[in-house]
Number of protein chains: 2
Amino acid sequence: MTKTLGTNELDRLAYLLGKLPGLGPRSSGRVVLHLLKQKESLMLPLASALADAAHNVSRCKICGNLDSNNPCRICTDQKRDKSTCCVVKEVGDLWALERSGVYNGQYHVMGGLLSALDGIGPQELRCEDLVKRASDNSMTEIILAMDATVDGQTTAYYLVELLSESNVSVTWLARGVPVGGELGYLDDGTIAQALKARRSI
Amino acid sequence: MTKTLGTNELDRLAYLLGKLPGLGPRSSGRVVLHLLKQKESLMLPLASALADAAHNVSRCKICGNLDSNNPCRICTDQKRDKSTCCVVKEVGDLWALERSGVYNGQYHVMGGLLSALDGIGPQELRCEDLVKRASDNSMTEIILAMDATVDGQTTAYYLVELLSESNVSVTWLARGVPVGGELGYLDDGTIAQALKARRSI
């Protein structure tokens, strides 16, 4: 911890803030000043929000979601479809799908992607749990919503293999032009995929 | 507060993080995930560091610096020169000067700059305190270290006027090519200033 802001309290706060993604050593000083200007409205509420979340939020034992209930609100929601399970890399992807508002089934958070480079094999991910859930009779479809990257696709193919003996249909997300995407700015791979998968209007 | 991350604790945390400079609603979700992965090493320490700093740090009654001591460590440091006072806009500028390591005098934090657009007049800033400090017999030089912006220069000229009846010499920072600055990338104003203020080697 470098001593720059004069006091131990501020140095420590800036050091910890600088570890957050998107904030570096310089911008963390700016954040410290911003916080000190709004002690009552932002700084103290943030301190208690951090402590609350750290103490109350845990990983759902069924799907791997982060929630203050365990099993989480999605797994215990009786209004949600129990026959469909969407497999995602991490909780951030689950949040993105929930924001879209079109999915009403279950989730399964893998906790990462297979990666030879990073040394992540199947035993690091929640693969066995997924097979167990797929063998449940109420489950009819598994949607693989992995990233369209090399690691994402490797993981998806691995899971297709792993689920081949289950009685569920395995699907994945459509590839194509993103909504609002301008053709001139899209990469060749996306255009090729969109063209191959073209549909009649 | 929009409900996106499923639980009240996480939504509230993301909402508060999104208010920090440099973080928006999207990146705050990423920060929440990052924090939850490092509860013991980052999240709980950050919560207590925020609370500690909020409770212990206050504005120095002499110079306006932020410190857990009041008067602050700089004002009470017997090894520092009492005859020079560097006037800065805000505490961030004081930190920048301290980082440079070449200044060993006192500071005076104005708390902002005069700005007609933002409706900030002399009564909003700590001008009277500065005049009072300048009238102290031990003070011989006031260094105006304001931004080289329109508001910064307006404030500096106003302070020169205000201090004209004091017995202190008033100086300001040299203008010129910044260290590491490439001429081709510098603005015309800086080059003109550097040329006008050229010095024999």
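Residues numbered from 1 in each chain as written. Chains lettered and ligands numbered in written order. Predicted model: local features only at pLDDT ≥ 70, side-chain atom pairs only at ≥ 80, totals over all residues. Heavy atoms only, no water.

**Some thoughts on the overall build of chain A**
No. 1: When helices and strands are tallied, chain A shows eight helices and six strands.
No. 2: Along chain A, helices (α) and strands (β) appear in the sequence α-α-α-β-β-α-β-α-β-α-β-α-β-α when read from the amino end.
No. 3: Taking 17 Å as the expected radius of gyration for a compact globule of 201 residues, we find that chain A reaches 22 Å, considerably beyond that expectation.
No. 4: Within chain A, the fraction of its 201 residues that count as buried is 43%.
No. 5: Residue pairs in contact within chain A that sit at least 24 positions apart in sequence constitute 46% of those at least 6 positions apart.
No. 6: Surface summary for chain A: the accessible area is close to 11,100 Å², and the carbon and sulfur share equals 52%.
No. 7: Averaging the positions of the 22 positive and the 23 negative side-chain charges in chain A gives two centres separated by 6 Å. (Helix = DSSP H or I, 4+ residues; strand = E, 2+ residues; numbered from the N terminus. Rg over C-alpha atoms; globule rule 2.2 N^0.38 Å. Buried < 20%, exposed > 50% of the residue type's maximum accessible area, 1.4 Å probe, protein only. Contact = heavy atoms within 4.5 Å. Areas by Shrake-Rupley, 256 points an atom, 1.4 Å probe, with all protein chains shown as cover. Lys, Arg positive; Asp, Glu negative; His and termini not counted. Charge placed at Lys NZ, Arg CZ, Asp CG, Glu CD.)

**What to know about the interface of chain A and chain B**
No. 1: Between chain A and chain B, the contact holds 50 residues from the first and 49 residues from the second.
No. 2: For the pair chain A and chain B, the two sides together bury roughly 4,700 Å², of which 73% comes from carbon and sulfur.
No. 3: By the criterion of area lost to chain B, the three top residues of chain A are A:Pro21, A:Leu50 and A:Trp95, representing 14% of everything that side buries.
No. 4: Inspection of the chain A/chain B interface yields two salt bridges.
No. 5: Between A:Lys37 and B:Glu90 there is a salt bridge, and its shortest N-O distance comes to 3.9 Å.
No. 6: Put simply, chain A and chain B have ten residue pairs in polar contact (both at pLDDT 80 or more) between them.
No. 7: Mapped by element, the contributors of at least two residues to the side of chain A that touches chain B are α1 (8–17), α2 (25–37), α3 (39–56), β2 (66–67) and α5 (91–100) of chain A.
No. 8: Tallying contributions element by element places α3(A) first for the side of chain A that touches chain B, with 15 residues.
No. 9: Among the residues making up the side of chain A that touches chain B, the classes are represented as 28 nonpolar, ten polar and twelve charged. (Buried area = accessible area lost by both parts, 1.4 Å probe. Salt bridge = Lys/Arg side-chain N within 4 Å of Asp/Glu carboxyl O. Polar contact = N/O pair within 3.5 Å; in protein donor to acceptor, adjacent residues only side chain to side chain. Nonpolar A, V, L, I, M, F, W, Y, C, P; charged D, E, K, R; others polar.)

**So, helix α5 (residues 91–100) of chain B**
Structural remark: α-helix, 3.6 residues per turn; residues separated by three or four positions point the same way.
No. 1: By the burial criterion, the buried members of α5(B) are B:Val91, B:Gly92, B:Asp93, B:Leu94, B:Trp95 and B:Leu97.
No. 2: Phi for B:Gly101, located one or two positions after α5(B), is positive at around 75°.

**Regarding the pattern of salt bridges**
Residues and elements named next belong to chain B.
No. 1: Taken as a whole and judged by the stated rule, the model has ten salt bridges over all chains.
No. 2: Ionic pairing is found between Asp67 and Arg73, a salt bridge with its closest N-O pair at 3.2 Å.
No. 3: Take Arg73: its relative accessible area is 31%, and that puts it in the partly exposed class.
No. 4: Across the pair Asp147 and Lys89 runs a salt bridge, and its minimum N-O distance is 2.8 Å. In this pair, Asp147 is assigned in the loop between β5 (141–144) and α7 (150–162) and Lys89 in the loop between β3 (84–88) and α5, connecting sequence segments 58 residues apart.
No. 5: Look at Asp147 and you get partly exposed, because its relative accessible area is 24%.

**A word on the sheet that holds β3(B)**
Residue and element names in this part refer to chain B.
No. 1: Read across the sheet, four strands follow the order β4-β3-β5-β6 without closing on themselves; strand pairing throughout is parallel. Each having just a single partner strand, β4 (106–109) and β6 (169–172) make up the two edges of the open sheet. The mean inter-strand angle of the sheet, taken between neighbouring strand axes irrespective of direction, is 25°.
No. 2: Helix-sheet contacts for α5 involve β3 and β4, and the interaxial angle to β4 is about 155°.
No. 3: On the sheet, helix α6 (residues 127–134) packs against β3, β4 and β5 and is oriented at approximately 155° with respect to β4. (Pairing = 2+ DSSP bridges. Axes fitted to C-alpha atoms, helices over the stretch in contact; angles between N-to-C directions.)

**Considering the confidence of the model for chain A**
No. 1: For chain A, per-residue confidence averages 89 on the pLDDT scale, and residues scoring 70 or more make up 97% of the total.
No. 2: Scoring of the predicted complex yields 0.76 for pTM and 0.76 for ipTM. (pLDDT = per-residue confidence, 0-100.)

**Details of unusual backbone geometry**
No. 1: Cis geometry marks the peptide bond from A:Asn70 to A:Pro71; its omega dihedral reads 0°.
No. 2: Here A:Pro71 shows up in the loop between β2 and α4 (73–76).

**Digging into the sheet that holds strand β5 (residues 141–144) of chain A**
Residues and elements named next belong to chain A.
No. 1: Taken in spatial order, the four strands of this open sheet run β4-β3-β5-β6, and their pairing is parallel. The sheet is open, and its two edges are formed by β4 (106–109) and β6 (169–172), each paired on a single side. Across the sheet, the mean angle from the axis of one strand to that of its neighbour is 25°, orientation sign disregarded.
No. 2: One ladder, built from four bridges, connects strand β3 (residues 84–88) with β5; its direction is parallel. For Cys85, the partnering residue across the bridge sits in β5 and is Ile142.

**Examining the packing of helix α6 (residues 127–134) of chain A against helix α7 (residues 150–162) of chain A**
Residue and element names in this part refer to chain A.
No. 1: Axis separation between α6 and α7 bottoms out at 11 Å; the angle between their running directions is 45°. By the angle class used here, α6 and α7 are oblique. Judged by the sense of rotation from one axis to the other, the crossing of α6 with α7 is right-handed. Here Cys127, Leu130 and Val131 of α6 lie close against α7, whose contacting residues are Tyr158, Leu159 and Leu162.
No. 2: Here the residues of the contact of α6 with α7 are counted per class, giving six nonpolar, no polar and no charged. (Parallel < 35°, antiparallel > 145°, perpendicular 65-115°, else oblique. Left-handed = near helix turned anticlockwise from the far one by under 90°.)

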